[in-house]
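# Structure assessment
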Number of protein chains: 2
Amino acid sequence: MAKRILLVDDEPLIIKGLKYTLEQEGFETDSAADGEEALSKFFSGNYDFILLDVMLPKLDGITVCQRIREHSNVPIIMLTAKGEHIDKILGLEYGADDYMTKPFNILEVKARIKTIMRRASGTQPTEAKKVIRVHDMEINSVNRAVNLGGKDVRLTAKEFDLLQMFVNNRGKVFSREAMLETVWKYDYTGDARTVDVHIRRLREKIERNPAQPEFIFTKWGVGYYFTDKD
Amino acid sequence: MAKRILLVDDEPLIIKGLKYTLEQEGFETDSAADGEEALSKFFSGNYDFILLDVMLPKLDGITVCQRIREHSNVPIIMLTAKGEHIDKILGLEYGADDYMTKPFNILEVKARIKTIMRRASGTQPTEAKKVIRVHDMEINSVNRAVNLGGKDVRLTAKEFDLLQMFVNNRGKVFSREAMLETVWKYDYTGDARTVDVHIRRLREKIERNPAQPEFIFTKWGVGYYFTDKD
DNA sequence: AGAGAATTGTTACGTTTTTTTCCAATTTGT
DNA sequence: ACAAATTGGAAAAAAACGTAACAATTCTCT
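With that settled, consider the confidence of the model for chain A. Residue and element names in this part refer to chain A. Chain-level pLDDT for chain A is 87 on average; 89% of the residues reach the 70-or-more range. Taken together, the stretch residues 85-91 has pLDDT below 50 and engages in 13 contacts with residues farther than four places along the chain or on a different chain. Confidence drops under a pLDDT of 50 for residues 123-127, and excluding neighbours within four residues, the segment shows four contacts in the predicted structure.

Shown next as structure tokens:
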């Protein structure tokens, strides 16, 4: 049974990004653009998780959080813009389970949701693997280290995030836009060519022969994908 | 069998933080928000440990402590805000085993609970090593002393906490935010640059050449990590 | 309680590293 | 072969880090 997530934010861009990626992850999502809509949806629907912006039209996020808490222990992550003096303490005091500062990227969101889901359900594992092996490549997400045929490979933060995204979705073709939404902050408005450059450098580091990749393949006219069977 | 801890405090934030961390450590927790609830929970439930705030609604912590002591020797740590008269508690006149001054940090809490649990039960579960050696560095967590190649190194409290956090999680990359949550007091909402400065000072003391660290490495774009294999 | 010392936190700035942009060369599919 | 898409090199821009100097806070000792 798919988990249902309620996304509450008045910026359509954020809703769109979250919606897209979380649905790709197998969640069902629904959204609300202001505090009143959030409450009405929450009480009529049945949600397993809530992502709740603090600044909302009509009814602010903290009030929404409190109202929900009067009736439910559903996990809530609060979203705050950087600089909003809703510091963590305030947010947690009203019963939120965690908070995130905007802008964030999808990888972060997924990690937080998984952590909190696990904590809430009591059952632990279902945890993403800490070390992943593909051919002779070993990817350690705790150390953020990559080893290729016995040799350590030094990746930058973005390169590692990209690789991680690929490896966790082997075979899946990502468009450049999808990659920008996953690995970059949601408000990033850069060029899609940027992705090409990062792919190139990632290949230079993990492919023995970047012109004939073993790991990261080009899907002409679409994007890139990672696979272990060539 | 998991140890059960009763948390008594009227500040939801503190309950929340303690609950989270102690459950991560494998304890079961339950909480009470005032003195009466504390007593009623204590006498109906079965707890292995109690964290008890002094200032409580309805019935103060000292009275609660006395009442419990009339019936049980369960270990009790009292929590006091700074400035409260704790001398009497210190003398253990009311039967508490230890006390802590708010605000505290998570490392402190875990350490105290473990110490007292061990003293109380005689046996000690999953105890962290007292003396850890990495290369020619020796870290003694009992007297909080560090010796490097035969020479004693004087670390401040924060520096030692940081080092301890690192050494107990070798290889793991910590973001600045994660460090602030682990090593700093729970109500600290300072800047991430602060972490950099402490890292620098720690490096100045334990690294022969801070520009080319042997122990504490920078993970660009992410944070810092400690490792024994360079 | 208060002076002085030590520790901790803040800010600003130079340096290094990463990220992005731009454009030409090359490859790919029809 | 042609057009569209990708790749590669290099320079510009941005971000992250290290350092130092200073401010604030806490601790210590009288």
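Still more ground to cover, so stick around.
Below, the discussion takes up the side chain of D161 of chain A. Residues and elements named next belong to chain A. Tracing the chain through its elements places D161 in helix α6 (residues 157-167). Overall, D161 belongs to the buried group, its relative accessible area being 13%. A polar side-chain atom of D161 sits 3.1 Å from a polar atom in the side chain of R144. Once you skip the residues sitting within four places of it in the chain, D161 turns out to touch N105, L107, R144 and V183.

Our next topic: the protein's contact with DNA strand C. Inspection of the region around DNA strand C gives 24 residues, with T156 and R201 of chain A together with R154, T156 and R201 of chain B positioned closest. Protein-proximal atoms of DNA strand C, defined as those within 4 Å of the protein, fall in sugar or phosphate at a share of 68%. Here a phosphate oxygen of DNA strand C sits 3.2 Å away from a polar atom, N or O, in the side chain of R154 of chain A. Residue D191 of chain A places a main-chain N or O atom 3.3 Å away from a phosphate oxygen belonging to DNA strand C. Listed by contribution, the elements that provide at least two residues to the surface near DNA strand C are α8 (193-206) of chain A together with α6 (157-167) and α8 (193-206) of chain B.

Moving on, we get to empty space enclosed by the protein. Residue and element names in this part refer to chain A. Applying the stated criterion across every chain, the model contains one cavity of 30 Å³ or more. In this structure, the largest cavity is lined by Y20, T21, Q24, E25, K110, M165, N169, K172, F174, A178 and T182. Mapped onto the lining of the largest cavity, the elements with two or more residues apiece are α1 (12-24) and α7 (176-183). A total of three residues in the lining of the largest cavity trace back to one element, the largest contributor, which is α1. Taken together, the residues that form the lining of the largest cavity break down as four nonpolar, four polar and three charged.

Before going further, it helps to spend a moment on the protein's contact with DNA strand D. Taken together, 20 residues form the shell around DNA strand D, and within it R200, R203, T218 and Y224 of chain A together with Y224 of chain B come nearest. Atoms of DNA strand D within 4 Å of the protein: sugar and phosphate make up 62%, bases the balance. Here a base nitrogen of DNA strand D sits 2.8 Å away from a polar atom, N or O, in the side chain of R200 of chain B. Contact between DNA strand D and R203 of chain B: a phosphate oxygen at 2.9 Å from a side-chain N or O atom of the residue. Looking at the surface near DNA strand D, the elements with two or more residues in it are α8 of chain A together with α8 and β11 (216-219) of chain B. Residue classes in the surface near DNA strand D are distributed as six nonpolar, four polar and ten charged.

Once that is clear, we can look at the layout of surface pockets. Each pocket or cavity is described by its volume, and for the second largest pocket that value is around 830 Å³. As for the second largest pocket, its lining consists of 25 residues, and the residues nearest its centre are A145, D152 and R154 of chain A together with K219 and Y225 of chain B. Within the residue set of the lining of the second largest pocket, elements represented by two or more residues are β7 (137-140), β8 (145-148), β9 (151-153) and α6 of chain A together with β11 of chain B. Broken down by class, the residue content of the lining of the second largest pocket amounts to ten nonpolar, seven polar and eight charged.

Attention now moves to α6 of chain A. Most of α6 of chain A sits inside the fold, with ten of its eleven residues counted as buried. All of the buried residues along α6 of chain A are A157, E159, F160, D161, L162, L163, Q164, M165, F166 and V167 of chain A.

Attention now moves to the nonpolar core. Grouped together as the largest cluster of nonpolar side chains are 29 residues, with contacts concentrated most on M137, L163, F166, M179, I216 and F226 of chain A. Mapped by element, the contributors of at least two residues to this core are β6 (131-134), β7, β8, α6, α7, α8 and β12 (223-226) of chain A. With six residues, the single largest contributor to this core is α6 of chain A. Contact partners of M137 of chain A, with chain neighbours within four places excluded, come to I132, V146, N147, L148, L163, I206, F215 and F226 of chain A. Within the second largest apolar cluster, 28 residues are counted, among which are L107, I132, F160 and M179 of chain B.

Residues and elements named next belong to chain A. Relative to each other, helix α2 (residues 35-44) and helix α3 (residues 61-69) sit at 20°, their axes nearing to 9 Å. As summarised for this structure, α2 and α3 are arranged roughly parallel, according to the angle between their axes. For α2 against α3, the interelement crossing comes out right-handed. Contact residues: G35, A38, L39, F42 and F43 in α2; V64, R67 and I68 in α3.

Analysis parameters
- Residues numbered from 1 in each chain as written.
- Chains lettered and ligands numbered in written order.
- Predicted model: local features only at pLDDT ≥ 70, side-chain atom pairs only at ≥ 80, totals over all residues.
- Heavy atoms only, no water.
- pLDDT = per-residue confidence, 0-100.
- Contact = heavy atoms within 4.5 Å.
- Helix = DSSP H or I, 4+ residues; strand = E, 2+ residues; numbered from the N terminus.
- Buried < 20%, exposed > 50% of the residue type's maximum accessible area, 1.4 Å probe, protein only.
- Polar contact = N/O pair within 3.5 Å; in protein donor to acceptor, adjacent residues only side chain to side chain.
- Near = heavy atom within 4 Å.
- 1 Å grid on protein atoms, 1.4 Å probe; cavity = no way out; pocket = protein on both sides within 12 Å on 5 of 7 lines; lining within 4 Å.
- Points joined across faces, edges and corners; volume = space filled by probe spheres on them.
- Nonpolar A, V, L, I, M, F, W, Y, C, P; charged D, E, K, R; others polar.
- Core = buried A, V, L, I, M, F, W, Y, C linked by side-chain atoms within 4.5 Å.
- Axes fitted to C-alpha atoms, helices over the stretch in contact; angles between N-to-C directions.
- Parallel < 35°, antiparallel > 145°, perpendicular 65-115°, else oblique.
- Left-handed = near helix turned anticlockwise from the far one by under 90°.

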